[in-house]
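# Architecture at a glance
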Amino acid sequence: MKYLSEYRSPEIVDALLKQINTTVKGNWNIMEVCGGQTHSLVKNGLLNMLPHNIQMIHGPGCPVCVTPVNLIDKAVYLAMNHNVILCSFGDMIRVPGSEMSLLEAKAKGADIRILYSPLEAVKIAKENPQREVVFFAVGFETTAPANALSVIHAHREGVKNYSILTSHVLVPPAMEAIMNDEECNVHGFLGAGHVCTIMGMNEYYPIVEKHKVPIVITGFEPVDLLEGILMVVKQLEQKEYKLENQYTRVVEHDGNKNAINVIDTIFEVTNREWRGIGEIPFSGYQVKNDYSTYDANKKFNINIAEVHEDPTCLSGDVMKGKIKPYQCPNFVSKCTPVKPLGAPMVSSEGACAAYYHYNMATAVNE
Amino acid sequence: MNLSCPIPKLDFDTINLGHGSGGTLTSQLLDKGVFKLFENDLLNKKHDGAIFNLNGKVAMSTDSYVVSPIFFEGGNIGDLAVNGTVNDLAMCGAKAKYLSLAFVLEEGLQMTEFWEILLSIKAASEIADVLIITGDTKVVERGKGDKIFINTTGIGEVHAKANIDIINIKAGDKIILSGPLAAHGITIMSHRQGLQFETTIKSDTRALNNIILQLLDEFGEDVHLLRDPTRGGLATVLNEIAQDAKVGINIAQKNITVEDEVAGACEMLGLDPLYVANEGLFVAVVDANIADKLLQQLKQWEHGTMANIIGEVSAEHVKQVLMKSNIGGRRVVNMLAGEQLPRIC
């Protein structure tokens, strides 16, 4: 496939690995922020091809993993209301809530539809005017424009029975929180390529400056990832800290202005609870008051008890990079994708599931 | 498919509860439709069951078909119901001889749709050279089914030279995949609600019995195991083999063909082709000595041009499937926890 196969070329991968090997001198911990990058690293077997003095730390960039259990409970609550059609991205539906997942709610009779686009949900709302259609709008800055656009479409077309249950989270505040953690051992970042495709690079300069940490905006194919790692290592070895862009074929410096406008029309920044991590200030989007009739949180009277995470789940430590998934005592023994304790074991982007699916042999060898 | 056979006059445009009552409407549907279309000496007796003789070792398999949508590029639930069971028997080294055919129809199913499915069943059974000798039709109320469910049970005679048994698998055996992965599953996915992309991908549903019998004629006992990677895909079948035979399996990504358009759709949908369903493929675990020769013969088959040796059986990493990625990394290929779910981004 053009524009894909060249980024999976064994020859280029080989050449980049050689360059990394000759460049690296110190011991470096590099965090790939985005779950898609974690997924690609393990799927392609890249982790055990890197030199031992480069440790990849798998960051909190998996939207499914950081969506608080309370919100899943809210989605389940809404879905169990017979007049509601709850629409969701696929990998959200197996995430355990405090009582059940959306998949279990579906088995109990809830009308839950897996969609690839929130605009489909608006269409379903138009086709079912007597019912309420709620889209479970999770994700980082990447899915925010499409979710916002669905509200704009619904508003423009006078679709009154559509709303979104939003739990958008933002990458830069999470990176800031990781760097502010006293136990932080991250020396450099691979920035999330698709998030920056939307938002551009500007938000990252202050993090680089304040924490003197290299950030390289990076893509998702093996060649992208290795080039990003090489760029971070070069900076670290030369004691530099800069914001660089490896993913130039997709990311423009100022991002996608249309998409940002769409986001700004519908959403405003708010504090947000991250599953396994806790509340991070200014780290999420909520629907603006002007559009509150499309905000499922306000439209419905959702009456559920506050719940707490399973205390034995160490997913927060995994997402902050303090431990590797296989260092958790529950990994495989009590926590598997069939019966997950925490969300990182559910989503294919979650670090625990990624290790479970692709990398158990490496885990044993490491 | 022979669509020239016109729909018989049945007085109703849709299936209703009466068609499953056992009364006049049932016999009208059966006499004018099913019995006439599939007529053969055993079926024509219209007895409660069929009475027949078989020779030698016999294989039997059953499967229920609930696919939605019922029509898709490359086939429909009817072809699938014949080919699926014929192929399960082929994986036992048997040539399917007789099939039972049972329908659960939902009230309201269009008669034209039902007829088209019946014609596909007829065409598929003729290609696979199998007779439908007994069956059943039930109708459930609207909302209690999904248009049509089909169950087929097949009986076949095992090839005299076949010795398909998991205990025959040994370290060093080669693993052969008969064609490109994931076409059927992606065809079905592209039809499901919310997916609007145009493709020319079509299901690979087809009978595998003729090619399997040819291979068994030539290579007999050196074919140690045959499996068709339907639900759960190649990854699931390989894991089952590794676990049941207590061996390790090594495969190489570069030897596994996924056609460009299918690969592109998988990328877009966030699905791993290793776990996507196929309906016209088989995996053969064969003795290393004959692997190349078998592959050459398989490549002569019209659907086998992209067949390949994708890996081998190992005495190491028992019960695990390891894959060497295209770029030289190594990963574990695990069983899937549940349905493969598309990723958010």
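Computed from a predicted structure; not experimentally measured.

## A closer look at the environment of Asp91 of chain A
All names here are of chain A. Positionally, Asp91 belongs in the loop between strand S3 (84–88) and helix H5 (102–107). Judged by relative accessible area, Asp91 falls into the buried class, the value being 4%. On a C-alpha basis, the gap between Asp91 and Tyr285 in space is 21 Å, while along the polypeptide they are 194 residues apart.

## A short note on the sheet that holds strand S1 (residues 58–65) of chain B
All names here are of chain B. The four strands lie next to each other as S1-S6-S4-S5, forming an open sheet whose pairing is mixed. If you trace the sheet from one side to the other, it starts and ends with S1 and strand S5 (131–140), each paired once. Across the sheet, the axes of successive neighbouring strands diverge by a mean angle of 15°, strand direction being ignored. The pairing of strand S4 (residues 94–106) with strand S6 (residues 148–158) spans 11 bridges and is classified as antiparallel. Counterpart to Ser100 in the pairing with S6 is Thr153. Its contacts with the sheet put helix H3 (residues 77–90) on S1, S4 and S6, and the angle it makes with S1 is roughly 150°.

## Here we look at the domain arrangement of chain B
Residues and elements named next belong to chain B. Once the domains are mapped, chain B shows domain 1 (17–158) and domain 2 (166–332). Each side of the interface is counted separately: domain 1 has 21 residues, and domain 2 has 22 residues. When the buried area of domain 1 at its contact with domain 2 is split by residue, Glu73, Asn87 and Met91 rank highest and sum to 33% of it. The interface formed by domain 1 and domain 2 includes six residue pairs in polar contact (both at pLDDT 80 or more). The leading source of residues in the side of domain 1 that touches domain 2 is H3, at seven residues. Considered class by class, the residues forming the side of domain 1 that touches domain 2 number 11 nonpolar, six polar and four charged.

## Let's talk about the sheet that holds strand S8 (residues 215–218) of chain A
All names here are of chain A. The strand order S2-S1-S7-S8-S9 describes an open sheet built from five strands, whose pairing is parallel. Only two strands of the sheet have a single neighbouring strand rather than two, namely strand S2 (54–61) and strand S9 (243–245). This sheet shows a mean twist of 25° between the axes of neighbouring strands, independent of strand direction. Two strands pair when backbone bridges link them, and strand S1 (residues 28–34) and strand S7 (residues 188–192) are joined in this way by three bridges, in the parallel orientation. Across the sheet, residue Met31 finds its bridge partner in S7, namely Phe189.

## A short note on the pattern of salt bridges
Where charged atoms from two side chains of opposite charge approach closely, those side chains can pair. On inspection of all chains with the given rule, the structure shows 23 salt bridges over all chains. The shortest N-O distance in the salt bridge between Lys322 of chain A and Asp181 of chain A comes to 3.4 Å. Residue Lys322 of chain A is located in the loop between helix H14 (315–319) and helix H15 (351–358), and its partner Asp181 of chain A is located in the loop between helix H8 (171–180) and S7; the two are separated by 141 residues in the primary sequence. As a salt-bridge pair, Lys242 of chain A and Glu240 of chain A come within 3.5 Å of each other at their nearest N and O atoms. Judged by its relative accessible area of 36%, Lys242 of chain A falls in the partly exposed class. Among the residues examined, Glu240 of chain A registers a relative accessible area of 32% and is labelled partly exposed. One network of salt bridges, with partners in common, ties together Arg8 and Glu221 of chain A together with Glu267 of chain B.

So, how was this worked out
- Residues numbered from 1 in each chain as written.
- Chains lettered and ligands numbered in written order.
- Predicted model: local features only at pLDDT ≥ 70, side-chain atom pairs only at ≥ 80, totals over all residues.
- Heavy atoms only, no water.
- Helix = DSSP H or I, 4+ residues; strand = E, 2+ residues; numbered from the N terminus.
- Buried < 20%, exposed > 50% of the residue type's maximum accessible area, 1.4 Å probe, protein only.
- Pairing = 2+ DSSP bridges.
- Axes fitted to C-alpha atoms, helices over the stretch in contact; angles between N-to-C directions.
- Contact = heavy atoms within 4.5 Å.
- Domains from an automatic or database assignment.
- Buried area = accessible area lost by both parts, 1.4 Å probe.
- Polar contact = N/O pair within 3.5 Å; in protein donor to acceptor, adjacent residues only side chain to side chain.
- Nonpolar A, V, L, I, M, F, W, Y, C, P; charged D, E, K, R; others polar.
- Salt bridge = Lys/Arg side-chain N within 4 Å of Asp/Glu carboxyl O.

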